[in-house]
Structures are given as C-alpha cells and as structure tokens.
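Okay, here's what each chain looks like letter by letter:
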Amino acid sequence: MSLTLMQPKRICVVTGTRAEYGLLRWVMEGIRQSPVLELQLIATGMHLSPEFGLTVEAIEADGFQVDRKVEMLLSSDTAVGVTKSMGLGMIGFADALAQLQPDLLLVLGDRYEIFAAAAAGMIARLPIAHLHGGETTEGAFDEAIRHSITKMSHLHFVAAEEYRQRVIQLGEQPERVFLVGGLGIDNILRLKLLTREALETALDFKLAPRNLLITFHPVTLEHNTSAAQMDELLAALAELDDTGLIFTMPNADTEGRVLFRQIQDFCVRHPNARAYTSLGQLRYLSCIQHVDGVVGNSSSGLAEVPSFRKGTVNIGDRQRGRLRAESVIDCAPERAAIGNALARLFSNSFQAQLPGVQNPYGNGGASEAIVKVLEQRSFGSLLKKQFYDLPAQ
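Thresholds, definitions, all that
Residues numbered from 1 in each chain as written. Predicted model: local features only at pLDDT ≥ 70, side-chain atom pairs only at ≥ 80, totals over all residues. Heavy atoms only, no water. Helix = DSSP H or I, 4+ residues; strand = E, 2+ residues; numbered from the N terminus. Buried < 20%, exposed > 50% of the residue type's maximum accessible area, 1.4 Å probe, protein only. Contact = heavy atoms within 4.5 Å. Areas by Shrake-Rupley, 256 points an atom, 1.4 Å probe, with all protein chains shown as cover. Lys, Arg positive; Asp, Glu negative; His and termini not counted. Charge placed at Lys NZ, Arg CZ, Asp CG, Glu CD. Salt bridge = Lys/Arg side-chain N within 4 Å of Asp/Glu carboxyl O. Pairing = 2+ DSSP bridges. Right-handed = clockwise from strand over helix to strand, strands pointing away. Arc of directions from axis to C-beta. Axes fitted to C-alpha atoms, helices over the stretch in contact; angles between N-to-C directions. Parallel < 35°, antiparallel > 145°, perpendicular 65-115°, else oblique. Left-handed = near helix turned anticlockwise from the far one by under 90°. Nonpolar A, V, L, I, M, F, W, Y, C, P; charged D, E, K, R; others polar. Phe/Tyr/Trp six-rings, centres within 6.5 Å; stacked < 30°, edge-to-face > 60°. Lys NZ or Arg CZ within 6 Å of the ring centre and 35° of its normal.

Undergrad: It is not clear to me how the overall build of the chain should be interpreted in this structure. Could you clarify?
TA: Across its full length, the chain carries 15 helices and 13 strands. Per-residue burial over the chain gives 57% buried out of 393 residues. Intrachain contacts of the chain at a sequence separation of at least 6 include 71% that bridge at least 24 residues. Summing over all exposed atoms, the chain offers an accessible surface of approximately 16,200 Å²; the carbon and sulfur share of this is 52%. When the 37 basic and 44 acidic side-chain charges of the chain are each reduced to a single mean position, those positions are 4 Å apart.

Shown next as structure tokens:
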C-alpha cells in the first residue's frame, strides 16, 4: 500500500515561548506539508499571556491552527509560583493529550512547561521526540529539566556531535539519536530579513551609529542574583556613547519580573534605549543582522548569532557548558568585566576576525532532517526502551 494511502501519523507539537516557536516553526511547516504526517499543535505558557506579548497570535498569523491551549502560567515568578504552574500544566496537558490522541509528542528544549508536557505524555504512554537534548547550561535549572526530558523521550534530535554523545551517555540507544544541527539556523536561511530602514520602521526606533541587542534572563540556579546582575549590566551599558540599545524582555522564569521593571526604568531614563516584550522571529533576526553585537545570556547568542558573523558578549554562568564559536566573548556579571567585553566587541581587531567564524551548530537543514525521520520511522516499538550501557573503558 502506498504511504500516502495510510492513515497519517499524528504529531503533536508543544510550544510555550516565542524563542522555542521560532526554532520549531519550520519543523511544524514540514509536518503540515507532509503526505504521511498530520500536525497537532498545543500552545501554552507565555504564548497565552498578554504580559509576555500574547504570542499565540503570531503563531496563528503564520497560518497554524492551535488545536489546544493549555493555560498554566500563574502571575508569579517565585519558586512556589513556578512549581504550581508546572502542576497546572500537567493537568492541562493530560486533558489535551487525551482529547487529541496523537501518535507522537514532539517537544524542544528544557523549560518547565515542556517538562510538564513530557511528563504527561510519558504517563499517557506516548512516544516522545525531543529536540536539542544533550546540551549543558550549568547556571540554570534548565540543565536538569533537559536531561530529564531526554530520559522520558524515545527519539532524539541533537545539534552537535558532542551533544549526541551525551544523550547516548545518558543511556539512549545510538540508533535513536540523530545529529541534525541547530534549528535556529533554518530561520536565518528561510526568512527574508528586513532592511535597516524597514527594521527602524518596524521597531519605531532610529538606529544609532552603533547598536546592541540585549537579552538577559534570570540565572535560575542562583538565589536572588538576577537584579544585582542586571544592575551591573545596565551600569556598563549606560557608559556607552552613540549606541542604540534594543532590549528583548526576559522569559517567565523565577525572579524574571524584577528584570522587567529594571529594563523599563532604564529605558525611561535613556532615550537611546527601547524595550520590546516580544520582537518575533523576523524582527529579532533582522536586529541581529543590523546591530554591532548581541549582549546578555540567551542561548541565541551562542547558537544563532555566529551564523551572522556577529559578536556576542555572554554574561555569567547561565550558558556555561554550551559549545561556543570564536565570536563569543565570555565575561563575569560585573560592570567592569562587561565594559571590557564591550570594548573588545567593538574593537577593530575583534571585528576583523568575525568573517571567518564558523558556527558549531552547523549550516542549516535540521528541520527537513527531523521531518524525514518522522516520516520514515515506525512509532510502534518505541515505548519500551533498553538502557544503553557505554562500553567498559
């Protein structure tokens, strides 16, 4: 029987943040266009929150049907609030998965929303495909969440050979771990980015002679350090001359809201700075194209910015352990260290080396590779896993 005459395999994709959706978008499009796959979509977390830009509307504007919305985000960034949000998420995902009856659950990354979805999927006896596993971020509790999702999952799509080896080290069978590269690069290749003038119009912000894109998230494994680290970053940025500062707001993480207020207060006092709750993929990537560098502690500074041959100032421990290109400047979360890193970023010698930078996360094509595996793979025998022991040394 022809594959096209068989019942399509229902692939349920879960997304909870703007950045994660940006990575998943072309996988979702590939599933939607496939003759043997059927896309189901669950939106949750920040996508459903006006406070974080109600970004579910951007998903729908791209032409995707959201099959279920799982409300789970409490208006609290305390540890108790985040934990309660996870509990609400598990309740909501249990209902949504029971209603949708997918053949496979597809999740990406390491956030607590995705942990709740994966846990619900595991108990529902669903095969789970996990994207971007095997990575390390030693400064955030995302690290433990990511590896936990790996153990609940049955197919693994990773961004680099080092990460493939780590997933296998966690006991996953090598034939179920696929090296596909970083998903963010596909967006860079597929989207027609805005010109400088069009970007200024889209941002309602006039770019300066020099410009920086800044994203700083809470460091979730540290107690009460986020505000102090943001103070140090803002103090270093305040000393820059003739520099436009474009802030993207932090995620809904523990201690995230205080960072919102600090950024907003800074922008009120500095007319060369502007903050955006959510830029969306087109404006965000267009910003990278036209700014002189990226500053903060977002994974994007390591995984995507090198493909633009732009420099990244990576602050603190949040991304410690990730692969990084030579375009990444690591520094401590202290104003003097950040100031020195910014001076190096703008220096002629550093800028001169950027054209030769290679992105360790590959050159694109991850989305197509993932869809091809999903099309060809039978899901029937995935649930019962055998632990893969590494050969004795």
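Undergrad: Explain unusual backbone geometry here, please?
TA: Peptide bonds are trans in most cases, and residues, glycine excluded, mostly fall at negative phi. Positive phi, normally seen in glycine, also occurs at Gln-101, with a value near 50°. Summarising the element assignment, Gln-101 is placed in the loop between helix H3 (79-100) and strand S4 (104-108).

Undergrad: So what exactly am I meant to see when it comes to the pattern of salt bridges here?
TA: It is possible for side chains bearing opposite charge to pair when their charged atoms get close. Summed over the entire model, instances satisfying the criterion amount to 19 salt bridges. Where Arg-146 meets Glu-143, a salt bridge forms, and the shortest distance between an N and an O atom there is 3.5 Å. Of the two residues, Arg-146 and Glu-143 are both situated in helix H5 (residues 142-152); the distance of 3 residues between them amounts to about one turn of the helix. We classify Arg-146 as buried; its relative accessible area is 0%. Residue classification places Glu-143 among the buried positions, given a relative accessible area of 19%. The salt bridge partner of Asp-330 is Arg-324, with a shortest N-O separation of 2.9 Å. Residue Asp-330 is classed as partly exposed on the basis of its relative accessible area, which comes to 44%. Note on Arg-324: relative accessible area 29%, which makes it partly exposed. Connected through shared salt-bridge partners, Asp-110, Glu-135, Glu-143, Arg-146 and Arg-322 make up one network.

Undergrad: Even after reading the chapter, I still don't get the pairing of strand S5 (residues 128-131), so can you show me in this structure?
TA: Here is the key point about a regular strand: its side chains alternate between the two faces of the sheet. Here S5 shows a buried face lined by Ile-128 and His-130 and a second buried face lined by Ala-129 and Leu-131. Pairing analysis gives 4 bridges linking S4 to S5, with the strands arranged parallel. The residue of S5 that forms the bridge with Leu-108 is Leu-131. The parallel pair S4 and S5 is bridged by helix H4 (residues 112-123), and the resulting crossover is right-handed. Of the pairings in the sheet, the one linking S5 to strand S6 (residues 155-158) comprises 3 bridges and is parallel in character.

Undergrad: Got a minute to help me understand helix H8 (residues 196-203) in this structure?
TA: Side chains three or four residues apart in an α-helix point the same way, a direct result of the helix having 3.6 residues per turn. Those residues of H8 that fall on the buried side of the exposure criterion are Leu-199, Glu-200 and Leu-203. One face of H8 carries all of its buried residues, which in axial projection span an arc of 100°. Residues of H8 that are exposed and point over 90 degrees away from its buried face: Glu-197 and Thr-201. In this fold, the buried residues of H8 make contact with strand S9 (243-248), strand S10 (273-276) and helix H11 (280-290). With its phi angle positive at about 55°, Asp-204 sits one or two positions after the end of H8.

Undergrad: Just checking my understanding: could you explain the pairing of strand S12 (residues 311-315) for this structure?
TA: With respect to burial, S12 is a largely interior element, 5 of its 5 residues being buried. Judged by which residues are buried, S12 turns out to be covered on both faces: Gly-311, Val-313 and Ile-315 on one side and Thr-312 and Asn-314 on the other are all buried.

Undergrad: Explain the packing of helix H9 (residues 226-238) against helix H10 (residues 256-269) here, please?
TA: Packing of H9 against H10 brings their axes to within 10 Å, and their N-to-C directions diverge by 20°. In terms of orientation, H9 lies roughly parallel with respect to H10. Our pair here, H9 against H10, has a crossing hand that is right-handed. Touching Ser-226, Ala-227, Met-230, Asp-231, Leu-234, Leu-237 and Ala-238 of H9 are Val-258, Leu-259, Gln-262, Ile-263 and Phe-266, all from H10. Of the residues that constitute the contact of H9 with H10, the class distribution is 9 nonpolar, 2 polar and 1 charged.

Undergrad: Please explain the packing of aromatic side chains as it appears in this structure.
TA: Two measures describe an aromatic ring pair: the distance that separates the ring centres and the angle between the ring planes. For the structure on display, the rule yields 4 aromatic pairs. Look at Phe-157 and Phe-178: their rings are 5.3 Å apart centre to centre, the planes differ by 20°, and that puts the pair in the stacked class. Taken as a pair, Phe-157 in strand S6 and Phe-178 in strand S7 (residues 177-179) lie far apart in primary sequence, 21 residues in all. Where Phe-247 meets Phe-266, the ring centres are 5.8 Å apart and the plane angle is 70°; that geometry is what we call edge-to-face. You can see Phe-247 sitting in strand S9 and its partner Phe-266 sitting in helix H10, a full 19 residues away along the chain. A residue is classified by how much of its surface remains accessible, and Phe-266, at 2% relative accessible area, is buried. The side chain of Lys-9 reaches across the aromatic face of Phe-379, ending 4.6 Å from its centre. A cation over a ring is seen here: Arg-32 above Phe-64, with NZ or CZ 4.3 Å from the ring centre.

Undergrad: So what exactly am I meant to see when it comes to the packing of H3 against H4 here?
TA: Close contact between H3 and H4 brings their axes to 8 Å; oriented N to C, the two are set at 40°. In terms of orientation, H3 and H4 fall into the oblique class. Two packed elements cross with a definite hand, and for H3 against H4 that hand is right-handed. Of H4, the residues touching H3 (which contributes Val-82, Ser-85, Met-86, Gly-89, Met-90, Phe-93, Ala-94 and Leu-97) are Tyr-112, Glu-113, Phe-115, Ala-116, Ala-117, Ala-119, Ala-120 and Gly-121. By residue class, the composition of the contact of H3 with H4 is 12 nonpolar, 3 polar and 1 charged.

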